[in-house]
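Notes for the structure review
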Amino acid sequence: MRPKLLAIAAVCVAVVAVVAIGAYVVLSDDDDSSSTASPGGETTSTGPRSMTIRVLATVTTARPVDLPPRNVQNKGDRVFVESQLTNAVPQFGRPKGSIIGQDYSTITYLSPTERLVNVQITLPGGGLHLRGRLTVADQEAVVKIPVISGTRDFAGATGFSEARSAPGNHTLNIYRLKLP
């Protein structure tokens, strides 16, 4: 029975890779309004703005919780995943290749093909919270998960995350944010 549990964990890690728990961060500011730098170097906004963050994630830990009946994917099974985020280009005031954050995900099985994904992301300057449903059909497809909130520099963030597989067991996540 142990090989089945390992196979389930491997499938869950693959799903997480598609779900986009990321690090290949390219921060581009698609401002919908004017913004100016304050004396401390912080950006202040005079209205709503858009921001796109691209991240490449590397899974560092995946811990499955297999509820009875064991070794079968069933409703209520979960996988807790941690990923490391690294700069792909200089950004957040750090050079390319720098570790810039982490994400913590919980994937809960709702059915054999449906998952609830809950992700907390830490980045320089704040964090993001994503939550949404994922249908596991085509692991090569782009997966979209809503951004439901943010903290500090990302306070009030909404939008969505797009995730796709990237070379080297990484996941490319693109966060398209709307900030107040």
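Sequence order as written defines the numbering, with residues in each chain counted from 1. For a predicted model such as this one, the threshold for reporting local features is a pLDDT of at least 70, and the threshold for listing and counting side-chain atom pairs is 80 or more; totals across whole chains, interfaces and linings nevertheless cover every residue. Excluded from the side-chain calculations are hydrogens and water; all other atoms, namely the structure's heavy atoms, are used.

Some thoughts on the overall build of the protein chain
In plain terms, the rule: Secondary structure elements follow DSSP: runs of H or I no shorter than four residues count as helices, runs of E no shorter than two count as strands, and numbering proceeds from the N terminus. Only protein chains enter the accessibility calculation, which uses a 1.4 Å probe; a residue is then buried when its area is under 20% of its type maximum, exposed when over 50%, and partly exposed in between. Working rule for contacts: check all heavy atoms of both residues, and any pair within 4.5 Å makes them a contact. Each accessible area is a Shrake-Rupley estimate made with a 1.4 Å probe; only the visible protein chains count as cover when residues are assessed.
Along the protein chain, the regular secondary structure elements total one helix and eleven strands. Reading the protein chain from its N terminus to its C terminus gives the helix and strand order α-β-β-β-β-β-β-β-β-β-β-β. The buried share of the protein chain, taken over its 180 residues, is 41%. Pairs at least 24 residues apart make up 50% of the contacts formed inside the protein chain by residues separated by at least 6 positions. As presented, the protein chain carries roughly 9,000 Å² of accessible surface, and 57% of it is formed by carbon and sulfur atoms.

Observations regarding the pairing of strand E6 (residues 99-109)
Here is the rule we go by: DSSP bridges decide pairing: two strands pair if at least two such bridges lie between them.
As paired elements, strand E5 (residues 78-86) and E6 share nine bridges and run antiparallel to each other. Looking across to E6, one finds that Val81 is bridged to Ser105. In this sheet, strand E7 (residues 114-123) lies alongside E6 in antiparallel orientation, the contact comprising eight bridges. Across the sheet, Tyr109 pairs through a bridge with Arg115, a residue of E7.

A few points about the environment of Ser50
To keep it simple, the criterion reads: Under this definition, polar contacts are N or O atom pairs within 3.5 Å; protein pairs additionally need one hydrogen-donor-capable and one acceptor-capable atom, and for neighbouring residues in sequence, both atoms have to be side-chain atoms.
On the secondary structure map, Ser50 appears in strand E4 (residues 49-65). By relative accessible area, Ser50 is classed as buried at 8%. Here the alpha-carbon distance between Ser50 and Pro180, two residues 130 residues apart in the chain, equals 8.9 Å. A polar atom in the side chain of Ser50 sits 2.8 Å from the side chain of Lys178.

Examining the pairing of E5
Residues Val79, Val81, Ser83 and Leu85 line the buried face of E5, whereas the alternating positions Arg78, Phe80, Glu82, Gln84 and Thr86 sit on a face that is not buried. As paired elements, E4 and E5 share nine bridges and run antiparallel to each other. Considered in E5, the bridge of Ala57 is made with Leu85.

So, the environment of Thr122
Among the secondary structure elements, Thr122 is positioned in strand E7. Between the alpha carbons of Thr122 and Ile100 there is a distance of 8.3 Å; along the sequence they are 22 residues apart. Those residues in contact with Thr122 that sit more than four places away from it in its chain are Leu85, Ile100, Gly101, Gln102 and Gly127.

Section: the pattern of salt bridges
Put simply, the test is: When a carboxyl oxygen of Asp or Glu is within 4 Å of a side-chain nitrogen of Lys or Arg, the pair counts as a salt bridge.
Overall, the coordinates contain three salt bridges when judged by the stated rule. Between Glu82 and Arg63 there is a salt bridge, with the nearest N and O atoms lying 3.5 Å from each other. With Glu82 in strand E5 and Arg63 in strand E4, the pair connects residues that are 19 residues apart, well separated along the chain. Judged by relative accessible area, which is 23%, Glu82 ranks as partly exposed. You can call Arg63 partly exposed: its relative accessible area is 42%. Between Glu162 and Arg176 there is a salt bridge; the shortest N-O distance is 3.5 Å. Of this pair, Glu162 sits in strand E10 (residues 158-166) while Arg176 sits in strand E11 (residues 170-179), placing them 14 residues apart in sequence.

A closer look at the confidence of the model for the protein chain
Where we set the bar: The predictor rates its confidence in each residue with pLDDT, a number between 0 and 100.
Across the protein chain, the average pLDDT comes to 77, with 73% of residues at or above 70. Residue range residues 1-43 is modelled with pLDDT below 50. Its contacts to residues more than four positions away, or to other chains, number 130 contacts.

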